[in-house]
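Architecture at a glance
Residues per chain are reported as follows:
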Amino acid sequence: MTKPAIWYEHIHTCKQTGARLGRVHTPHGTFDTPAFMPVGTQATVKGMSPDEIASMDAHIILSNTYHLWMRPGSELIKKAGGLHKFMNWKGGAVLTDSGGFQVFSLAKPKDIIEEGVKFRSHLDGSRHLLTPEKSIQIQNDLGADIIMAFDECCPYPSTYEYSKRSLERTTRWLERCIDTHARPEDQALFGIIQGNMYKDLRQESARQITSFDLPGYAIGGLSVGEPSELLYEMLDVTVPLMPEDKPRYLMGVGSPDYLIESAMRGIDMCDCVLPTRMGRHGTVLTSHGRKIVRDAKYAEDFGPMDDRCDCYACQNFSSAYIRHLLKAKEIFGQRLCTWHNIHFLLKLMEKVREAIAEDCLGDFRDAFYKEYYGK
């Protein structure tokens, strides 16, 4: 029997919440779950070196198929030996998305056809067609450990009728992705569940997508502007239909509350650009909530950004100094905020895993919210 490209190892289920502690094994290393995955859109986590990310115990990162296809091209990265070698990432696994989310944001409704999606490049306006086959071929070239099926991420809100047609197209596209996938022995293809914000459509999509025997499954089309209560409702009806012996990935989620709540509902993997994007604008996540370091009230704050944090930034520099760097438009200030934010979320997930192991994730959530939100 052929060894799967990746496999999920279940370790413990939290008696208090049902959250699960596990481990995902990949060709380039193992990572513990629930996990937050830093996003390196263009084969780099913005502002950080691969060694710095690895030093924070991040054992899986993301890159973006669309951006790498547009520049420098998947053929060049294949020639370099794949993403791991191209970006010198030695810290563990890499996941690539399908490029679908980006091209749908660039396309008009009439550009979405059964063959794929027609769009214009954000770089030079050139015309392209991204199909399920092309997405998989690019990801095969990139050589990530986990690759994503090409799906249709319909906007929120969308009508019931359109959402139904969209999820059915996503299932048909998955079949084409599976048929095209040339490296199943070392790249794990995940299918993506859609259905917009309709419970029965989410359930139908979950049944359709999980009918294919894949190494893992993702939930897409959430955290796109809907209220948090609606996101949780969609998870509540979708996750129970996903296999227990495969990784479950919630796409595009990275705020502390979403990470904790998704873990409580049985999600294993999450990703988001939030920590790097916020860091570049001088906002950090702390034990006491969000902090806008650029604000004038921190001009003479000679303590760390977070008095409970052991990251490089908080152990070596004051809020006043980092604010000065930000106001002076020094790149180092953005780097320190980004460093702290990524470290904060990775440490948060480490604490979540510890709470699951100790059967007290619900208590941990309540205590964290009290400190973070002050209530």
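Heads up: these notes are all about the structure in this document. (Residues numbered from 1 in each chain as written. Predicted model: local features only at pLDDT ≥ 70, side-chain atom pairs only at ≥ 80, totals over all residues. Heavy atoms only, no water.)

Burial analysis of strand β10 (residues 188–193) places 6 of its 6 residues in the buried class, which makes it a mostly covered element. Alternating positions in β10 separate into two faces, Ala 188, Phe 190 and Ile 192 on one and Leu 189, Gly 191 and Ile 193 on the other, with burial throughout. In terms of strand pairing, β10 meets strand β11 (residues 216–219) through 4 bridges, oriented parallel. Along β11, the bridge assignment pairs Gly 191 with Tyr 217. Chirality of the crossover, the property in question, places the unit of β10, helix α8 (residues 199–210) and β11 among those that are right-handed. (Buried < 20%, exposed > 50% of the residue type's maximum accessible area, 1.4 Å probe, protein only. Helix = DSSP H or I, 4+ residues; strand = E, 2+ residues; numbered from the N terminus. Pairing = 2+ DSSP bridges. Right-handed = clockwise from strand over helix to strand, strands pointing away.)

This part covers the sheet that holds strand β6 (residues 93–96). In spatial order, the strands read β4-β13-β12-β11-β10-β9-β6-β5; together these 8 strands make up an open sheet with parallel pairing. Strands at the two margins of the open sheet, each flanked by one partner only, are β4 (35–38) and β5 (60–63). Here the average twist between neighbouring strands, direction ignored, is 25°. With 3 bridges connecting them, strand β9 (residues 146–148) and β10 associate as parallel partners. Note that in β10 the partner of Ile 146 across the bridge is Ala 188. (Axes fitted to C-alpha atoms, helices over the stretch in contact; angles between N-to-C directions.)

Turning our eyes to something else, we now look at helix α6 (residues 132–142). Within α6, 8 of the 11 residues are buried, leaving the element largely enclosed by the surrounding structure. When we look at burial in α6, the residues that qualify are Pro 132, Ser 135, Ile 136, Ile 138, Gln 139, Asn 140, Asp 141 and Leu 142. Following α6 by one or two positions, Gly 143 has its phi on the positive side, about 80°.

Now for the layout of surface pockets. Taken as a whole, the largest pocket holds about 810 Å³ of empty space. What lines the largest pocket is a set of 33 residues, and nearest its centre among them are Phe 101, Gln 102, Gly 252, Asp 271 and Val 273. Residue assignment for the lining of the largest pocket shows that the elements contributing at least two residues are β5, α5 (100–106), β13 (269–272) and α11 (274–280). For the lining of the largest pocket, a count of residues per class yields 12 nonpolar, 15 polar and 6 charged. Roughly 340 Å³ of internal volume is contained in the second largest pocket. Residue lining of the second largest pocket: 20 residues in total, with Asp 57, His 59, Leu 346, Glu 350 and Arg 353 positioned closest to the centre. Taken together, the elements giving at least two residues each to the lining of the second largest pocket come down to β3 (29–33), β4 and α14 (331–357). Among the elements that line the lining of the second largest pocket, the one with the most residues is α14, at 7 residues. (1 Å grid on protein atoms, 1.4 Å probe; cavity = no way out; pocket = protein on both sides within 12 Å on 5 of 7 lines; lining within 4 Å. Points joined across faces, edges and corners; volume = space filled by probe spheres on them. Nonpolar A, V, L, I, M, F, W, Y, C, P; charged D, E, K, R; others polar.)

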